[in-house]
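Structural description and commentary
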Amino acid sequence: MSNLEKDPGELLVAEPAPDEGLAEVVNGVELLDPREVPLGGPRAMTVRRTLPQKKRSLVGAWCFVDSYGPDPVNGRGAMNVPPHPHTGLQTVSWLYAGEIEHRDSAGSFALVEPGQVNLMTAGAGIQHSEVSTDATTTLHGVQLWVALPDRSRHVAPFFEHFAPEPFAHGDATLRVFVGSLLGRSSPVTAFTELIGAQLDLPAGGSVTIPVDPAFEHGLVVDAGAPTLQGVRVDTTQLGVVPTGAAELTVEAGDRPLRALLIGGRPLGEQIVMWWNFVGRDHDEIVAFREQWQAEVIGGTDRDGRFGHVDGYDGRALPAPELPNVRLRPRD
Ligand code: MN
C-alpha cells in the first residue's frame, strides 16, 4: 500500500531512538500504541500505524507497520491505490481477509491472498498499484516495509510470492513468511537477518519460541489481548522485546490471539523516510521526488528509475509537497 497521508512529515530514523520520549516499558517490554492515520485517495480508509513512531522507528530492519480492517467493503476498487513509487525498501503484504491485485514496474502481476506473502523489493526504484477484487467483501491485513541496508538498497527491483505451510508449536499455529523460525524458513529474499510470521493461539493457549538473542522482536496484535514475556499487550498495540532475549513466551489469555511476530538484527544505520521513499539524506529524497514527478507524472521517461506499470486503469499518484523542515542525519 502507499503511504497516502496528505501531508507526510519527513522522518529521520536514527538509532538509538531520538530523545523525543521513550515508549512505555513494562518489565523490559516496550508497549507502543498505534497512531490512527486517515489515508486520502479514492477510499477514506483509516489504518493503525505502529511503526515508525518517535518512540521507536525500527524493529530489526522493519520500518513501517500499517494494520487495517476488518473493513466491510464492496468489491472491486474498494481499495484502489494508483501506481506510486518506492525506493530503498521492501514492501511485505499480508492479508487476513480480502484479495488484492498487484501490478508493478518489474513486470509482475499477482493476486495477494490471505496467508500468502507478497514481497516487493523496491531497491533503486519501482512503482506499483493495488486494487481489491470483485470477490472482496472484507479487507483486513497488514502492510509492512523493511528498510534495505546501504549495501543493498540500489539493487534492481523484483517481486516474490510465497505461501507458507502452517505448522504447530506449543499451542500455536505459525506461518513463517520471512526468515527462519523453529527450523521453518521462507524462501523470499531478506537483505538483513529478519523474521516475520503469523502467530495464532486459541483462548487459553500459550507458546514459547526460541529466538536469536541478537534480534529485537515485535508482536503486532490483531485480535485478542495476549501477554508477551508476561506483559499484557492490548489489541492494536505493538509489543517490543529488545535484543538479549533467547526465547519469547506468548499467552493468549481469555480470547484467541492473532498476531504477527516480526523481528531481526538491528539495522544499525540511519535512514530518512518520507512518503514512499527510504533514503539516507534529505537531498536524496528530494531527487527521488523530482524524478517521480518528472519521469512518471510529467511523462518524460517511461523507462526511468520508476519504469512503468501496465494494466492499471488510471493515472499515477503525484507526490505531495515536501515539508519545509530539512532534516539532517545525526552523527
Ligand atoms: Mn506501495
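Data block above holds the structure.
Keep in mind that what you see is a predicted model, and the values were worked out from it rather than measured. (Residues numbered from 1 in each chain as written. Predicted model: local features only at pLDDT ≥ 70, side-chain atom pairs only at ≥ 80, totals over all residues. Heavy atoms only, no water.)

Looking at the coordination of the manganese ion
Bound to the manganese ion on the protein side are His-84 (NE2), His-86 (NE2) and His-128 (NE2), at distances that span 2.1 Å. Mapped onto the polypeptide sequence, the residues donating to the manganese ion form the spacing pattern H-x1-H-x41-H. (Donors = N, O, S within 2.8 Å, 3.2 Å for Na, K, Ca; no water.)

A few points about the pattern of salt bridges
Per the stated rule, a full pass over the model turns up 14 salt bridges. A salt bridge links Arg-56 to Glu-30, with the shortest nitrogen-to-oxygen separation between them at 2.7 Å. With Arg-56 in the loop between β5 (46-51) and β6 (62-72) and Glu-30 in strand β3 (residues 29-32), this residue pair connects regions lying 26 residues apart in the sequence. Across the pair Glu-101 and Arg-103 runs a salt bridge, and its minimum N-O distance is 3.3 Å. The exposure classification of Glu-101 matches that of Arg-103, with both residues buried. (Salt bridge = Lys/Arg side-chain N within 4 Å of Asp/Glu carboxyl O. Helix = DSSP H or I, 4+ residues; strand = E, 2+ residues; numbered from the N terminus. Buried < 20%, exposed > 50% of the residue type's maximum accessible area, 1.4 Å probe, protein only.)

So, unusual backbone geometry
Keep in mind that most residues, glycine aside, have a negative phi and that most peptide bonds are trans. Looking along the chain, the bond that leaves Leu-51 and enters Pro-52 is cis, with omega of -10°. Examined against the element boundaries, Pro-52 turns out to sit in the loop between β5 and β6. Looking along the chain, the bond that leaves Gly-69 and enters Pro-70 is cis, with omega of 5°. Checked against the element boundaries, Pro-70 lands in strand β6. At Thr-236, a position not held by glycine, the phi torsion is positive, near 80°. Among the structural elements, Thr-236 can be located in the loop between β22 (231-232) and β23 (238-241). Positive phi, normally seen in glycine, also occurs at Trp-275, with a value near 50°. Here Trp-275 shows up in the loop between β26 (271-274) and β27 (277-279).

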